[in-house]
Amino acid sequence: MDHAQTIETKAGAGALAGLSLSILLSSLGTSIANVALPTLGESFSATFQQVQWVVLAYLLASTVLIAGIGRLGDLFGRRRLLLTGLMLFSLASLLCGLSPSLPVLIAARAIQGAGAAAMMALAMAFVSETVPKERIGSVMGLFGTTSAVGTALGPSLGGLLISGFGWPAIFLVAVPFGLLAFALAWRFLPTDRAAATQARFDLAGAGLLAATLMAYALAMTVGKGRLGPLNLTLIAVSLSGAALFVLRQKTAASPLVRPAAFRRHGFPASLAANLLVATVIMVTLVVGPFYLSRTLGLGPAAVGFVLATGPFVSVLSGILAGRLVDRFGSAPMVLAGLATMATGAAGLPVLSALFGLSGYIAAIAVLTPGYQLFQAANNAGVMMGVPPDERGITSGLLNLSRNLGLITGASLMGAVFTAAVGTADVANADGAAVATGIQVTFAVAALLILASLALMATRSRGRAA
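Calculation rules
Residues numbered from 1 in each chain as written. Predicted model: local features only at pLDDT ≥ 70, side-chain atom pairs only at ≥ 80, totals over all residues. Heavy atoms only, no water. Helix = DSSP H or I, 4+ residues; strand = E, 2+ residues; numbered from the N terminus. Contact = heavy atoms within 4.5 Å. Areas by Shrake-Rupley, 256 points an atom, 1.4 Å probe, with all protein chains shown as cover. pLDDT = per-residue confidence, 0-100. Core = buried A, V, L, I, M, F, W, Y, C linked by side-chain atoms within 4.5 Å. Buried < 20%, exposed > 50% of the residue type's maximum accessible area, 1.4 Å probe, protein only. Axes fitted to C-alpha atoms, helices over the stretch in contact; angles between N-to-C directions. Parallel < 35°, antiparallel > 145°, perpendicular 65-115°, else oblique. Left-handed = near helix turned anticlockwise from the far one by under 90°. Expected span 1.5 Å × (residues − 1). Bend = angle between axes of the 7 residues up to and from the residue. Polar contact = N/O pair within 3.5 Å; in protein donor to acceptor, adjacent residues only side chain to side chain. Phe/Tyr/Trp six-rings, centres within 6.5 Å; stacked < 30°, edge-to-face > 60°. Lys NZ or Arg CZ within 6 Å of the ring centre and 35° of its normal. Nonpolar A, V, L, I, M, F, W, Y, C, P; charged D, E, K, R; others polar. Patch = residues over 30% accessible without salt bridge, like charges linked within 9 Å, V, L, I, M, F, W, Y side chains within 5 Å. Salt bridge = Lys/Arg side-chain N within 4 Å of Asp/Glu carboxyl O.

Draft legend 1. View of the overall build of the protein chain. Counting secondary structure elements, the protein chain contains 20 helices and zero strands. Within the protein chain, contacts between residues separated by at least 24 positions form 82% of all contacts whose residues are at least 6 apart in sequence. If you sum the accessible surface of the protein chain, you get close to 18,800 Å²; carbon and sulfur atoms cover 70% of it.

Quick look at the structure:
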């Protein structure tokens, strides 16, 4: 099969549909379980600390495995591994819905997360094989839109399914769509090329990376952002693991991540900016509900509606963002996206203080398109310069940096917000204190975006020179 298919052909459209559905399902799997936590606690007579592992197991598994799976796809075939991931995701979704106990459900969610890691890492890696170079930006914009739809759809769809059919339905609904994505990928994705290298998979390096990421993710998720002895120990383990992983990659005959990849112009900066931007975007989901409920006095339904503003704007702006990248190039659009995000983050505390709810929504409506533009431009810029045998690991590293940013944002930015509010009991804090908390938190968020902007501007100047 021709590896230069375009999206105008039937095969190209079918392949793109399968890849988009893979990204949609992986995003849906991240967001749909949150709304079920109270119901699961009642069903299994479990505490919140126990049922939250239904969410954490998925997030940890997908984060820890995503880079290694990307490299496996490069070595042994991306199509083969994506199909395996889709089938694993579908079967695990079935097992989740049929779970007789909480431990079984948590284990099934970890397996589901492993399948999602393959779906996230390899879907983006296939773009260069299904669309021409001049359309990559548009497809990255489409993928950003699809991811936003999955994230936005999760809570609302999950609530409806739980109300109508019970909690198993939120997992069982993914089974037919997972099988459909499998069928589309099987039918339309280009077959794997014969391996051009005898390189072996760096199992020791993959193990070190997985242990390092697991330690970091746990450090960021246990203790609700407060630094205790366990958190500090896990951070020390993750730092030691990172150092050992770097040494391993320098000495391994077939490294998981080739050191030369990080010498590719702008690649480290792109990963760092991706992490910082994801850290900031998580603030709207972590901090926003407290401000909307405690300061503005909105009820649960109204809070959910306002929180859907960001993903809804993402859906509207995603395709346009991709077309802008195709028209003007990735480098200037990365800067434009970050500048727009900085404007929205800096403006949110000011506009919300002056105009209340309308000011908050206006700032989110600026922040979110900037995020979409950055994502489309950054992903397109990185993937267009990657050799075919490194697309899987590169896509995996991009998704890894994003996941780590989301984890970091939920923990560290949540801790910043709690400190600014002045009490650990944020849910019952005074509305004025919460308003102060959001002002401080988004001021920090704006500084992080400005740091990303400076980083990427330096990269662009270096490339021009």
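Draft legend 2. Broad picture of the confidence of the model for the protein chain. Per-residue pLDDT for the protein chain has a mean of 82; in total, 89% of the residues score no lower than 70. Mean pLDDT in the protein chain bottoms out at helix α7 (residues 127-130), which sits at 67, and peaks at helix α5 (residues 78-97), which reaches 94. Within the model, the stretch residues 1-8 combines pLDDT values under 50 with 31 contacts to residues more than four positions away or in other chains.

Draft legend 3. Fine view of the nonpolar core. Ranked by size, the top nonpolar core spans 99 residues in total, and within it Leu 82, Met 140, Met 341, Tyr 360 and Leu 397 carry the most contacts. In terms of residues, this core owes the most to one element, helix α18 (residues 357-384), which gives 12 residues. Judged by nonpolar contacts, the second largest core, of 20 residues, contains Ala 108, Leu 161, Ile 170 and Phe 171.

Draft legend 4. Representation of the side chain of Thr 441 within the structure. For Thr 441, the position within the fold is in helix α20 (residues 431-464). Look past the residues within four positions of Thr 441 in its chain and what remains in contact with it is Val 283, Val 287, Met 413, Val 416 and Phe 417.

Draft legend 5. Local environment of the packing of helix α16 (residues 309-328) against α18. One can describe the packing of α16 onto α18 by two numbers: an axis separation of 8 Å at closest approach and a directional angle of 40 degrees. The pairing of α16 with α18 is recorded here as oblique in orientation. Where α16 crosses over α18, the two elements pack in a sense that is right-handed. Side by side, α16 and α18 meet where Thr 309, Gly 310, Val 313, Ser 314, Ser 317, Gly 318, Ala 321, Gly 322, Leu 324 and Val 325 of the first sit next to Ile 361, Ile 364, Ala 365, Thr 368, Pro 369, Gln 372, Leu 373, Ala 376, Ala 377 and Ala 380 of the second.

Draft legend 6. Expanded view of helix α17 (residues 330-355). Taking 1.5 Å as the rise per residue, α17 with 26 residues should run 38 Å; its terminal C-alpha atoms sit 35 Å apart, in good agreement. The sharpest bend along α17 comes to roughly 40 degrees, located at Gly 347, with the proline Pro 349 sitting one to four residues further on. In the stretch just after α17, Gly 356 is the one whose phi turns positive, near 65 degrees.

Draft legend 7. Main features of the side chain of Thr 63. Residue placement: Thr 63 occurs in helix α4 (residues 53-76). Within the structure, the side chain of Thr 63 is placed 2.8 Å from the backbone oxygen of Leu 59, a separation counted as a polar contact. Residues contacting Thr 63, with those up to four places away along its chain left out, are Leu 213, Leu 400, Asn 403, Leu 404 and Ile 407.

Draft legend 8. Representation of the packing of aromatic side chains. The full count for this structure, using the stated rule, is four aromatic pairs. Seen from their ring centres, Trp 167 and Phe 171 are 6.2 Å apart, and the 75 degrees between their planes marks the pair as edge-to-face. Residue class for Trp 167 comes out buried when judged on its relative accessible area of 12%. When the centroid spacing of 5.6 Å and the interplanar angle of 25 degrees are considered together, the rings of Tyr 291 and Tyr 360 count as stacked. Here Tyr 360 lies in helix α18 and Tyr 291 lies in helix α14 (residues 288-295), a separation of 69 residues in the sequence. Among the aromatic residues, those joined into a ring-pair cluster are Phe 44, Trp 167 and Phe 171. Lying over the aromatic face of Trp 186, Arg 79 brings its terminal NZ or CZ to 5.2 Å of the ring centre.

Draft legend 9. Local environment of the packing of α18 against helix α19 (residues 391-421). For the pair α18 and α19, interaxial distance at closest approach is 10 Å and the crossing angle is 155 degrees. In terms of their interaxial angle, α18 and α19 are classed as roughly antiparallel. Two packed elements cross with a definite hand, and for α18 against α19 that hand is right-handed. Residues Tyr 371, Gln 375, Asn 378, Asn 379, Val 382 and Met 383 of α18 form the contact with α19, whose participating residues are Arg 391, Thr 394, Ser 395, Leu 398 and Arg 402. Considering only residue class, the contact of α18 with α19 consists of four nonpolar, five polar and two charged.

Draft legend 10. Main features of helix α12 (residues 229-251). The first and last C-alpha atoms of α12 sit 33 Å apart over 23 residues, in line with the 33 Å expected at 1.5 Å per residue. Turning to α12, its buried residues number three or more, namely Asn 231, Leu 234, Ser 238, Gly 241, Phe 245 and Gln 249.

Draft legend 11. Broad picture of the environment of Gly 85. Here Gly 85 lies in helix α5. Taking the C-alpha atoms as reference points, Gly 85 and Met 119, separated by 34 residues in sequence, lie 6.1 Å from one another. Filtering out sequence-adjacent residues up to four positions away, Gly 85 remains in contact with Gly 115, Ala 118 and Met 119.

Draft legend 12. Quick peek at the environment of Leu 105. Secondary-structure assignment places Leu 105 in helix α6 (residues 102-125). Owing to a relative accessible area of 0%, Leu 105 belongs among the buried residues under this scheme. The spatial distance from the C-alpha of Leu 105 to the C-alpha of Trp 53 is 9.4 Å, given a sequence separation of 52 residues. In this structure, Leu 105 is in contact with Leu 40, Phe 44, Val 54, Cys 96, Ser 99, Trp 167 and Phe 171, ignoring residues within four places of it in sequence.

Draft legend 13. Spatial organisation of a nonpolar patch on the surface. A contiguous nonpolar surface patch, about 220 Å² in accessible area, is contributed by Leu 88, Leu 95 and Ile 111. Here Leu 88 lies in helix α5. You can call Leu 88 partly exposed: its relative accessible area is 34%.

Draft legend 14. Expanded view of the environment of Leu 447. Residue position: Leu 447 is located in helix α20. Through-space distance from the C-alpha of Leu 447 to that of Ala 346 is 8.5 Å; in sequence the pair is 101 residues apart.

Draft legend 15. Seen up close, unusual backbone geometry. Positive phi is not limited to glycine here, since Ser 45 has a value of about 50 degrees. Within the element layout of this structure, Ser 45 appears in the loop between α2 (37-43) and α3 (48-51). Judged by relative accessible area, which is 70%, Ser 45 ranks as exposed.

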